[in-house]
Amino acid sequence: MYYIGVDLGTSAVKLLLMSADGEIKNIESREYPLSFPKPGWSEQKPEDWWDAVADGIPALVKEVDPSEVAAISFGGQMHGLVVLDENDDVIRPAILWNDGRTGEETEYLNSVIGKDKLSEYTANIAFAGFTAPKLLWMKKNEPEKFRAIKKIMLPKDYIAYKMTGVHSCDYSDASGMLLLDVEHKCWSKQMLDICGISTEQMPSLFESYEVTGTLLPDVAKKLGLTPDCKVAAGAGDNAAGAVGTATVGDGGCTISLGTSGTFFLSGKNFKKDPYNALHSFAHADGGYHLMGCILSAASCNKWWMDEIISTKDYAAEQERISDDRLGNNSVFFLPYLMGERSPHNNPDARALFFGMSMDTARSDMTQAVLEGVTFAMRDCLEIAKKTGISVKEAKLTGGGAKSPLWRKICANVLGIDIQIIESEEGPGYGGAILAAVANGEYASVEEAAKKLVKVTEVIHPDPDIAARYDKAYEKYTKLYPTVKKLYA
């Protein structure tokens, strides 16, 4: 049997075909536009996502027997607000995870409703990218469209609906809406009331590996599949990506250096960060996870290389940075190009370089960018330590994980073993694993992930370099508090 994983990203959808034994048989990608109607706004048309998926799947499965494709599941960009009317037509473009328009609504939730209440209702506090503040923004600024809402969905769930006709959502993705009682895995009546919406407007909830339906006959024909093909609920991109790296069960950790960065800790039992710096979400394996999110990670390096020093040869720029320079850089970088989420929760924060002198070279600044992102990841690690979590190793994924230098910096800044895995397909691979579990190929997500995911390399921290980075990190932590008032 074959299984499809749909990785619905911000710039493109990546479609992955996996055999029952975990081998990747084919990959197809389709891009779609991203719009910025006003400064700080970020939107997409859900119809464009569906067109891309519907165009890509026939190409994905063209070399296999359609009856052998048993199930489809998802990893999707989180937090985006998709709203449908009584005819299930899209009311307005989706407001995405990186949209910053909801500053007032976020402040209202955290200050007027109060962080303690939000944490009690949902296990989390409000962040500008979450879905609930977007609903409040829509209620205030687009009241007629708000009144027309019949269903509220997340991005991947719109694709699942187009496939099955079922309005569904899984617990991991729902956790990022600020509308879910994460501990008890149900919609929070208090939060729905605060946002002026009802339970009937919300989709049905499922575990990520549960079947929500099968392909509608006309959809099956369009995709080149059979109506017997099952559709599983899927997961938010970070949870699906964690499945794709076998970060499941108790004690797993994954660090992702993608466009944004995540620090992901899996566990079987519910745990809440008392500092509200790490998100407390349900996991795609049926358990829970804590997650820190930095809004700019590998995108910082891309910005520096592409826009500032105008080069595409990333490796050549990094070749000049030798081991003796690690932990000895006098230049520091705060990686807040898009504001910051964990741990500062400040959409107004911005990036800066500090410590340049007449002998500063561009390689020092390149090094500072890589180190600044990694120091931001250490901020998340330090919060985890305060909650009593011990992290000794982590799998490293995302575009940044391809850099040997960045791997070494991560191991030494964080003081942990960094593991590199064989398949670097993250949410798409995790989605395919969820589909296989939904079809009964494996007894559980944990069993499937640990059988299929293979570690190919481990980078150990060097005691001398790690000690130097400990001192550098102390200085780094003083920068944000010093300049925080300037961001207002």
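Right, let's walk through the structure included here.

What counts and what doesn't
Residues numbered from 1 in each chain as written. Predicted model: local features only at pLDDT ≥ 70, side-chain atom pairs only at ≥ 80, totals over all residues. Heavy atoms only, no water. Buried < 20%, exposed > 50% of the residue type's maximum accessible area, 1.4 Å probe, protein only. Helix = DSSP H or I, 4+ residues; strand = E, 2+ residues; numbered from the N terminus. Pairing = 2+ DSSP bridges. Disulfide = S-S within 2.5 Å. Phe/Tyr/Trp six-rings, centres within 6.5 Å; stacked < 30°, edge-to-face > 60°. Lys NZ or Arg CZ within 6 Å of the ring centre and 35° of its normal.

A short note on the pairing of strand β19 (residues 288-294)
Item 1. Burial analysis of β19 places 7 of its 7 residues in the buried class, the great majority of the element.
Item 2. In this sheet, β19 lies alongside strand β17 (residues 261-267) in antiparallel orientation, the contact comprising 7 bridges. Each bridged residue has a counterpart across the sheet, and for Gly261 the counterpart in β19 is Ile294.
Item 3. As paired strands, strand β18 (residues 279-282) and β19 are joined by 4 bridges and run antiparallel to one another. Bridging across to β19, Ser280 finds its partner in Leu290.

Structural notes on the state of the cysteines
Item 1. Throughout the structure, instances matching the rule amount to 0 disulfides.
Item 2. Residue Cys186 stays outside any disulfide, its sulfur separated by 13 Å from that of Cys169, the closest cysteine.
Item 3. Judged by relative accessible area, which is 32%, Cys186 ranks as partly exposed.
Item 4. Cys253 supplies the cysteine sulfur nearest to Cys410, a cysteine that is in no disulfide, at a spacing of 11 Å.
Item 5. On the basis of relative accessibility, which here comes to 2%, the residue Cys410 falls in the buried class.

Brief notes about the packing of aromatic side chains
Item 1. Enumeration over the complete set of coordinates arrives at 15 aromatic pairs.
Item 2. Between Phe332 and Phe375, the ring centres sit 6.5 Å apart and the planes meet at 20 degrees, which makes this aromatic pair stacked. Here Phe332 is found in strand β20 (residues 332-334), whereas its partner Phe375 is found in helix α12 (residues 362-386), with 43 residues between them in sequence.
Item 3. Since its relative accessible area comes to 6%, Phe332 is described here as buried.
Item 4. Overall, the relative accessible area of 2% leaves Phe375 in the buried class.
Item 5. Where Phe375 meets Tyr476, the ring centres are 5.0 Å apart and the plane angle is 40 degrees; that geometry is what we call tilted. Placement of Phe375 in helix α12 and of Tyr476 in helix α16 (residues 463-483) is noted, with a sequence separation of 101 residues between them. With respect to class, Phe375 is no different from Tyr476; both count as buried.
Item 6. Taken together through their ring pairs, the aromatic side chains of Phe332, Phe375, Tyr469, Tyr473 and Tyr476 make up a single cluster.
Item 7. Positioned above the aromatic ring of Trp41 is the side chain of Arg101, whose terminal nitrogen or guanidinium carbon lies 3.6 Å from the ring centre.
Item 8. In this arrangement the basic side chain of Arg101 is found over the ring face of Trp137, its NZ or CZ atom lying 4.5 Å from the centre.

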